[in-house]
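# Architecture at a glance
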Amino acid sequence: FKRRELAVNQLTENVVDTFRLKVESSGGKIDAELKAEHDIVFADEMHFTNVLFNLMDNSVKYKHPDRDLRLKVSTRNEHGKIIITVSDNGIGVKKENLKKIFDRFYRVSTGNVHDVKGFGLGLAYVKSVISNHKGTIHAESEYGKGTKFVITLPTI
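This one's a predicted model, so the numbers in the text were calculated from it and none came from an experiment.

### Some points on the nonpolar core
Ranked by internal contacts, the top residues of the largest apolar core, which has 36 residues, are Leu55 and Met56. Listed by contribution, the elements that provide at least two residues to this core are helix 1 (8–24), strand 3 (40–44), helix 2 (45–61), strand 4 (70–78), strand 5 (81–88), helix 4 (122–132), strand 6 (136–142) and strand 7 (146–154).

This is the structure we're talking about:
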C-alpha cells in the first residue's frame, strides 16, 4: 500500500461522476450525499478507489430487473471516524448468504442464471483493503429490496 492523506469526499465524488453515465444510461439514478466534515484518511488511493468502484459496480450488476437502479453513496462523521455507505434498490441478499459474501470465492447462487460473471473475489478484496486501513465493512440487505454496504474508517 502507498498510503497518503486522501480526501474521501473528493475521491468518492470522482468515482460517482465516473459511474454516473453507466447508471443513467440504463435509466438509473445515482446520488451522492457527502456530508462528512472531517474526511481526511490515511489510505492508498488506488485500492480505496477500487473499493468504491467494486461496490458501485455490484449495484449495477445486481440491479433488480423490474425497476430502475437507485444508487446512493454517502459520507458522514461519527465518533472521530468517517462512515461511507453505498446503498441500492437491487435484488438484495438473503439473510443466510449475507454473512458469507465477504468470503473468498463465495458467490450467492442465482439458480440457473449466469448473467453475472465473476469469481467471488470482489468483496473479499474490498474487506481486505478496508481491514488493512484499520477500518470495518458490513452489509445490510433485504432480499428483493436492496443492499447497503457500510464502511467505517479512522480519520486523521
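### Structural notes on the side chain of Asn9
Note on placement: Asn9 falls in helix 1. Residue class for Asn9 comes out buried when judged on its relative accessible area of 12%. Within the structure, the side chain of Asn9 is placed 2.9 Å from the backbone oxygen of Ala36, a separation counted as a polar contact. In this view, Asn9 contacts Leu34, Ala36, Asp39 and Thr75; residues no more than four positions away in its chain are not counted.

### Section: the pairing of strand 6
Judged by which residues are buried, strand 6 turns out to be one-sided: Ile137, Ala139 and Ser141 face inward and are buried, whereas Thr136, His138, Glu140 and Glu142, on the alternate face, are not. With seven bridges joining them, strand 6 and strand 7 adopt antiparallel strand pairing. Residue pairing across strands places Glu142 opposite Gly146, the latter belonging to strand 7. Connecting strand 6 to the antiparallel partner strand 7 that follows it, the hairpin turn spans three residues, and Gly144 within it adopts a positive phi of roughly 90°.

The rules we used
Throughout this document, residue positions are counted from 1 along each chain, in the order its sequence is written. Selection of residues for local features in this predicted model requires a pLDDT of at least 70, selection of side-chain atom pairs for listing and counting requires 80 or more, and totals for whole chains, interfaces and linings are taken over all residues. Values reported for side chains reflect all heavy atoms of the structure, with hydrogen atoms and water molecules removed beforehand. Nonpolar cores were defined as sets of buried Ala, Val, Leu, Ile, Met, Phe, Trp, Tyr and Cys residues, with membership established by side-chain atoms within 4.5 Å. Throughout this description, buried means an accessible area under 20% of the type-specific maximum (1.4 Å probe, protein chains only), exposed means over 50%, and partly exposed covers the range between. A run of H or I in DSSP counts as a helix once it spans at least four residues, and a run of E counts as a strand once it spans at least two, with each numbered from the N terminus. Between N or O atoms, a polar contact is any pair within 3.5 Å; within protein, one atom must be a potential hydrogen donor and the other a potential acceptor, and residues adjacent in sequence are included only when both atoms are from side chains. Any two residues having at least one pair of non-hydrogen atoms within 4.5 Å are treated as being in contact. For two strands to be treated as a pair, DSSP must find at least two bridges joining them.

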